[in-house]
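If you want the building blocks of each chain, they are given just below.
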Amino acid sequence: MEAKVDKELRPSSFAARTNTQTTQTMSPLRLRSLFSAALLLPSLLFAQTQVVKGTVKDADSQMTLPGATVVLLGSDPIMGATTDMDGRFRLDQVPFGRQQLQVSFLGYKPTVIPNVLVTAGKEVVLDIALVASVESLKEVEITSERGKDRTVNELAKVSARTFSLEEVTRYSGGRNDVARLATNFAGVSAANDARNDIVVRGNSPTGLLWRIDGLPIGTTNHFGTLGTTGGPVSALNTNLLRTSDFLSGAFPAEYGNANAAVFDVKFRSGNTDEHEFTAQLAAFSGAEFMAEGPISRKNQSSYLVSYRYGIAGAAATGTSAIPYFQDLAFKLNFGKSKLGRFELFGMGGRSNIDFIGAELDSTDLFADPTVDSYFTSDVALIGLSHFLQLDEKSYLRSTVGTTYLGTSFLQDNIIGGASDQNAVRYRATEALDNEQRYTVSSQYNRKFSPRFSLRAGVLNEVYDLDVDWTDRDRRAGIPDVNGDGIPDFFVQVRDVQGTINLFQAYAQGEYKFTDELSFTAGLHGQYLDFNEDVMVAPRTALAWQFRPRQRVTLAYGLHGQLASLPVLLFTDPITGANNRDLEFQKAHHVVLAYDHRFEGDWRVKLEGYHQWLYDLGIEDTTSSYSVVNEGADFIFSERGGLLSNGTGRNFGVELTVEKFLSKGYYALLTTSVFDSRYTSSDGVERNTGFANDYVFNALFGKEWGIGKDKRNALTFDTKFTTSGGRPFSPIDLEATRANLGREVYVDDQAYSKRYDAYLRLDVKFGVRINGKGGKVSHQFFMDLQNVTDRENIFVERYNRVTDRINPVYQNGFFPDFMYRVQF
């Protein structure tokens, strides 16, 4: 039933206005009232309030809900609004600070939106989805909030969590990076300050799917390389985010070509009523300016555009070389029309770093005074989405777009050293990788009844590849006949020009037996024309809320992913053996979860999982190699003739204890205990390169309201992280020396050693200030990362300068800061 409000609602701007006129003579009482109102006018003009507005929709059909009630909890007198014919609401005088909204509509489960941060300089815009009750005549108790356990995608029943812009900037050590935010969640680790590759439940980072407004993209990072999903600096501007989903296992049928996890990122639209601006400066993410506002208020169209430039010296762990980057992101919402709603969105970034050997210290990761190298990377995405409401029960959402990743790595070797005037310089490596994807997708949703809904769709990706990698850097097989020190010819490592087509189709339905018990089932199919590989994958989940605040969920999914392109496209330059016959890498996911919401905004979640991996690429001769270990570095191994005969398994238990932000503080404790193993052609079961064994995070934050009406705030946040040491393979020093410095590993001891445990403590202090005029807000924080200055090891490597195997360490103490002004 619709929630009852005992006090009278304060009228909103959508409330009806009367045109009744009076010709009566004003009484003295009315004159005194007008005089009092005139005295109050200045205080009203400078009132410390802001607009909170948005849209209320049906979660399944996306139909707007006219007549829904939105109430600002804790307001006195009660402030509220009723949505108009387009499902829109507006609250005009919401006080600064953190607020809660209660949203209800007859026949739907009421919900509470917590922690709505209201500040000066920027209106708050909310997209609210209500879930229909299948037992509409039953008394509904408002017990659950729109918490982080309820995802934007209603079909994600387990191992899923939402994230928002406010969260990305809230936690200490996050560097305004969505991927680093995810490392706070159970089951996710990234014991590496150099890159934001994330390891989910022991899987390689290459198993991650990035999707922006429905458009898949290989990486969202600066300094990315072909086949990887991470990088030192994110090119994804968090100021454009709206609430999005992160899924870590057994995900719904619509997600394909991923084995480990999914980032389903959504860009928000600009303000449709007011022009607003944001300027930001941060030590790590650089300088930024963003503008947004209406294109036409009549049809609710808007623009949002942001540009950022950075010099992220702290981004390059293990080297003193300075990386440069810049990026642009935008979204144009063309508003409502007879043909539906069209949105144009995109992002693009360029980054470069030069490693000049003579300028690098001997302990540097790239230390070699006889080598200069130059790296440039471009990443881009542009898409056009179309949303069409077919009727009150169904809609069609389609997207067409393209993504691009282009990298250039050039290496010059110097004979005689850079300081020698007679030194000879020659090109040793030239690697040019260009991947352009063209994507078309369409998704149909229909809500047949409050109990049953169906989602089905197709997605087609065309990979247009131009890969050219030639190399003659210290390769033992290349002669130097004339003895000038310059190898006589290049080896063609990769040479691919052409297209690959990946087609996906899916369907998934949900049936709700009651409001507490639901069942989902679906199929996902994918076909790769490169080698005519095909697979069909079932997905299912059963969720039972057996108590008002307790829920248990069981989920299963079969998932498949094509091999990373640098592996799939590799041909051995000597034997000619290639990897084009590699099948989809597959994994069965089984997850059992228990979730308990306590009084006082506390939550405990326990998940156990088991993943069986198979059809992994391994060598046809006896060795310890498996593609399961690829993807945590800038480059991939050079191995041809791989067979899809490898296996692996990941299993573990995850615990989350969380106090959602309320009463001025939050707390989050996540811990994961897991094992990650694989078996290669030698028949030996080993640790994978991602088997850290455990990960523990403890976060705490506190806000203190200051100033008149507590409109400003002081903030304190801290994070402690530790994880088990990462397994690694020992280097055979003598064999490496004989191989002209190219590292050779002890094959039968693969991943038998461990680095020391990773440990880091971050502390963050900040302040939020709302200007007196209510039009400008300021935010500043100082994030002291690794305050203990612990030397976490990055890697052990052969150092050509010292002719030894030396450790390279990650970032020591690093102070990050950010200042943001919105107006």
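Residues numbered from 1 in each chain as written. Predicted model: local features only at pLDDT ≥ 70, side-chain atom pairs only at ≥ 80, totals over all residues. Heavy atoms only, no water.

### Observations regarding the overall build of the chain
Secondary structure summary: the chain contains five helices and 43 strands in total. Buried residues in the chain amount to 56% of all 823 residues. Sequence separation of 24 or more characterises 66% of the internal contacts of the chain that already satisfy a separation of 6 or more. (Helix = DSSP H or I, 4+ residues; strand = E, 2+ residues; numbered from the N terminus. Buried < 20%, exposed > 50% of the residue type's maximum accessible area, 1.4 Å probe, protein only. Contact = heavy atoms within 4.5 Å.)

### Here's the deal with the sheet that holds strand S5 (residues 97-104)
One open sheet accounts for four strands, arranged S3-S2-S5-S6; its pairing is antiparallel. Looking at the sheet topology across the chains shown, the edges are occupied by strand S3 (79-82) and strand S6 (111-118). Between one strand axis and the next, the sheet turns by 25 degrees as a mean value, whatever way the strands run. As defined by bridge partners, strand S2 (residues 69-72) adjoins S5 across four bridges and the pair is classed as antiparallel. Residue pairing across strands places Leu72 opposite Leu101, the latter belonging to S5. (Pairing = 2+ DSSP bridges. Axes fitted to C-alpha atoms, helices over the stretch in contact; angles between N-to-C directions.)

### A short note on the sheet that holds strand S7 (residues 124-130)
Judged by pairing direction, the sheet is mixed, and its three strands sit side by side in the order S4-S1-S7 without closing on themselves. The sheet is open, and its two edges are formed by strand S4 (88-95) and S7, each paired on a single side. Across the sheet, the mean angle separating the axes of adjacent strands is 25 degrees when strand polarity is ignored.

### Looking at the nonpolar core
The biggest cluster of nonpolar side chains holds 37 residues, and the ones touching the most others in it are Ile198, Trp210, Phe246 and Phe263. At the level of secondary structure, the elements contributing two or more residues to this core comprise helix H3 (178-182), strand S11 (208-212), strand S12 (215-217), strand S15 (241-247), strand S16 (261-267), strand S21 (340-356), strand S22 (371-391) and strand S33 (665-679). Beyond its immediate stretch of four places on either side in the chain, Phe246 contacts Ser159, Ala160, Arg161, Phe163, Ala182, Phe185, Val188, Ile198, Val200, Ala261, Val262 and Phe263. (Core = buried A, V, L, I, M, F, W, Y, C linked by side-chain atoms within 4.5 Å.)

### Focus on the pattern of salt bridges
Within the structure shown, the criterion is met by 61 salt bridges. The salt bridge partner of Arg474 is Asp473, with a shortest N-O separation of 2.9 Å. A residue is classified by how much of its surface remains accessible, and Asp473, at 6% relative accessible area, is buried. A salt bridge links Glu685 to Arg677; the shortest N-O distance between them is 3.8 Å. Several salt bridges share partner residues, and in doing so they unite Arg161, Glu167, Arg551, Asp595, Arg603 and Glu658 into one network. (Salt bridge = Lys/Arg side-chain N within 4 Å of Asp/Glu carboxyl O.)

### Digging into the packing of aromatic side chains
Enumeration according to the criterion identifies 19 aromatic pairs in this entry. Consider the rings of Phe163 and Phe263, whose centres lie 5.8 Å apart with planes at 85 degrees: the pair is edge-to-face. A residue pair is termed long-range when its members are at least 10 positions apart, and Phe163 in strand S8 (residues 160-163) and Phe263 in strand S16 qualify at 100 residues. This pair shows no difference in class: Phe163 is buried, exactly as Phe263 is. (Phe/Tyr/Trp six-rings, centres within 6.5 Å; stacked < 30°, edge-to-face > 60°.)

### Brief notes about the environment of Lys702
Tracing the chain through its elements places Lys702 in strand S35 (residues 694-706). According to the relative accessible area criterion, Lys702 is partly exposed, its value standing at 23%.

### A look at a nonpolar patch on the surface
On the surface, a nonpolar cluster with roughly 580 Å² of combined accessible area is contributed by Val305, Tyr307, Tyr309, Ile311, Ile322, Tyr324 and Leu328. For the nonpolar patch, the elements supplying multiple residues, two or more each, are strand S19 (301-311) and strand S20 (324-337). Per element, the largest residue contribution to the nonpolar patch is four residues, and it comes from S19. Note that Leu328 resides in strand S20. Residue Leu328 is classed as partly exposed on the basis of its relative accessible area, which comes to 40%. (Patch = residues over 30% accessible without salt bridge, like charges linked within 9 Å, V, L, I, M, F, W, Y side chains within 5 Å. Areas by Shrake-Rupley, 256 points an atom, 1.4 Å probe, with all protein chains shown as cover.)

### Thoughts on the side chain of Asp816
Its location among the elements puts Asp816 in strand S43 (residues 814-822). For the buried Asp816, which has no salt bridge, the nearest side chain bearing the opposite charge is Arg175, at an N-O separation of 5.6 Å. Looking at Asp816, its side chain comes within polar contact range of the main-chain nitrogen of Phe284, at 3.2 Å. Not counting the four nearest positions on each side in its chain, Asp816 is found in contact with Arg175, Ala282, Ala283, Phe284, Phe781, Met782, Asp783 and Gln785. (Lys, Arg positive; Asp, Glu negative; His and termini not counted. Polar contact = N/O pair within 3.5 Å; in protein donor to acceptor, adjacent residues only side chain to side chain.)

### With respect to the confidence of the model for the chain
On average, the chain scores 89 in pLDDT, and the residues at 70 or more come to 90%. Ranking the helices and strands of the chain by mean pLDDT puts strand S27 (residues 517-528) first, with 98, and helix H1 (residues 28-45) last, with 39. Per-residue pLDDT stays below 50 along residues 139-144; that stretch engages in eleven contacts with residues further than four places along the chain or on separate chains. (pLDDT = per-residue confidence, 0-100.)

### Thoughts on the pairing of S19
Strand direction decides the pairing type here: strand S18 (residues 286-296) and S19, joined by nine bridges, are antiparallel. Residue pairing for S19: Ala287 is matched across the bridge by Tyr309. Here S19 runs beside S20; their pairing, made up of ten bridges, is antiparallel. When the sheet's bridge partners are listed, Tyr303 is paired in S20 with Leu332.

### Description of unusual backbone geometry
Along the chain, Asp76 connects to Pro77 via a cis peptide bond; the corresponding omega equals 5 degrees. Tracing the chain through its elements places Pro77 in the loop between S2 and S3. With a phi angle near 60 degrees, Gln300 is a residue other than glycine that sits in the positive phi range. Summarising the element assignment, Gln300 is placed in the loop between S18 and S19.

### As for the environment of Ala132
Mapped onto the secondary structure, Ala132 falls in the loop between S7 and S8. Those residues in contact with Ala132, other than ones at most four positions away along the chain, are Asp58, Gly107, Tyr108, Lys447, Pro450, Lys512 and Asp515.

### Overview of the side chain of Glu619
Within the element layout of this structure, Glu619 appears in the loop between strand S31 (602-618) and strand S32 (643-662). Side chain to side chain, Glu619 and Ser623 meet in a polar contact 2.6 Å long. In this structure the side chain of Glu619 is engaged in a polar contact, spanning 3.0 Å, whose partner is the side chain of Arg639. Apart from the residues within four sequence positions on either side, Glu619 is in contact with Tyr625, Arg639, Leu642 and Ser681.

### Some remarks on the environment of Asn578
Among the secondary structure elements, Asn578 is positioned in the loop between helix H4 (565-568) and strand S30 (585-597). A relative accessible area of 34% places Asn578 in the partly exposed class. Aside from chain neighbours lying at most four places away, what touches Asn578 is Phe570, Thr571, Gly640, Gly641 and Leu642. Of the polar contacts made by the side chain of Asn578, one reaches the backbone nitrogen of Arg580; its length is 3.3 Å.

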